[in-house]
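What follows is each chain in one-letter form.
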Amino acid sequence: MTDLPRPCRFVVSACLAGLHCRYDGRTNHKPEVAELVASGLAVPVCPEELGGLPTPRDPSERRDDTVVSNAGRDVTAEFAAGAEAALYIAEEYGCSAAILKARSPSCGCGRIYDGTFSRTLIEGNGLFAELLLKKGFEVFTEETWPGLSPEERASATHPGGLSASASAPDISPHTEPSCGR
Ligand code: SF4
């Protein structure tokens, strides 16, 4: 991570970049996000691991101003510390936009689970996404990110290594509003 160019346009959920940091030890690998990291355009972070939580861990959901695990443990402090630590990294690398895992209690943006562990979605943001929005970052999920703009593509360390999927030419323009804004 330390040899990434700065500023680095994106901070991304590490699980989208292929790291096995999900609560169940699995990944949410999205090749187009992993390519951003490989090309020097993105830095991966996992707020929950940065907050000191182990992998694997119990799944958690936001419940009003708290975060609780499905075992009934209040993990608000760990989630808040992880969001702050991930924000610090994003700011250190000069990031200005984020691509985060949809519906996560840390990374979700726009829609998250309601805290009842019944797969019920409500409007809201994960703690890390919420913090980034407050700081003025553009925040997308892997489902709303429109792909690289021509300027972002040109700034890649290894632009020839970016595949067509990273530019996503067949979806919405890059100027589409990001979630939660
Ligand atoms: Fe992925 Fe974010 Fe959850 Fe970490 S906290 S596993 S990066 S969704």
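Notes on the structure in this doc start here. Note that the coordinates shown come from a computational prediction; the quantities given were computed from them, not determined experimentally.

### Here we look at the sheet that holds strand β2 (residues 42–45)
Then comes step 1: Strand order in this open sheet of 4 strands is β2-β1-β5-β8, and the pairing throughout is parallel. Edge positions in the sheet fall to β2 and β8 (138–141), since each of these pairs with one other strand and no more. Across this sheet, the average inter-strand angle for adjacent strands is 25 degrees, counted without regard to direction.
Then comes step 2: Inspection of the sheet shows strand β1 (residues 10–13) paired to strand β5 (residues 97–100) by 3 bridges, in the parallel sense. Considered in β5, the bridge of Phe 10 is made with Ala 97.

### Examining the site of the ligand
Then comes step 1: The ligand sits among Ser 13, Ala 14, Cys 15, Cys 21, Arg 22, Cys 46, Pro 47, Glu 48, Lys 101, Ser 104, Ser 106 and Cys 107.
Then comes step 2: Taken together, the residues that form the shell around the ligand break down as 6 nonpolar, 3 polar and 3 charged.

### Digging into the environment of Phe 128
Then comes step 1: Within the secondary structure, Phe 128 sits in helix α4 (residues 127–134).
Then comes step 2: Here Phe 128 falls in the buried class, since 35 other C-beta atoms lie within 10 Å of it.
Then comes step 3: Apart from the residues within four sequence positions on either side, Phe 128 is in contact with Pro 47, Ala 83, Ala 86, Ser 106 and Cys 107.

### A look at the nonpolar core
Then comes step 1: Counting residues in each nonpolar core, the largest one holds 44 residues, and the members touching the most others are Phe 10, Val 11, Val 12, Ala 42, Ala 98 and Ile 99.
Then comes step 2: For Phe 10, the contacting residues outside a window of four places in its chain are Leu 36, Leu 41, Ala 42, Cys 95, Ala 97, Ala 98 and Ile 99.

### Observations regarding the packing of helix α3 (residues 76–92) against α4
Then comes step 1: Interhelical geometry of α3 versus α4 gives an angle of 45 degrees and a closest axis separation of 9 Å. When the interaxial angle is binned, α3 and α4 end up oblique. Note on packing geometry: the crossing formed by α3 with α4 is right-handed. Seen from α3, the contacting residues are Phe 79, Ala 80, Ala 83, Ala 86 and Leu 87; seen from α4, they are Leu 127, Phe 128, Leu 131 and Leu 132.
Then comes step 2: Per-class residue counts for the contact of α3 with α4 are 9 nonpolar, no polar and no charged.

What counts and what doesn't
Residues numbered from 1 in each chain as written. Predicted model: local features only at pLDDT ≥ 70, side-chain atom pairs only at ≥ 80, totals over all residues. Pairing = 2+ DSSP bridges. Helix = DSSP H or I, 4+ residues; strand = E, 2+ residues; numbered from the N terminus. Axes fitted to C-alpha atoms, helices over the stretch in contact; angles between N-to-C directions. Near = placed C-beta within 6 Å. Nonpolar A, V, L, I, M, F, W, Y, C, P; charged D, E, K, R; others polar. Buried ≥ 20, exposed ≤ 12 C-beta atoms within 10 Å, placed from the backbone. Contact = placed C-beta atoms within 7 Å. Core = buried A, V, L, I, M, F, W, Y, C linked by C-beta atoms within 7 Å. Parallel < 35°, antiparallel > 145°, perpendicular 65-115°, else oblique. Left-handed = near helix turned anticlockwise from the far one by under 90°.

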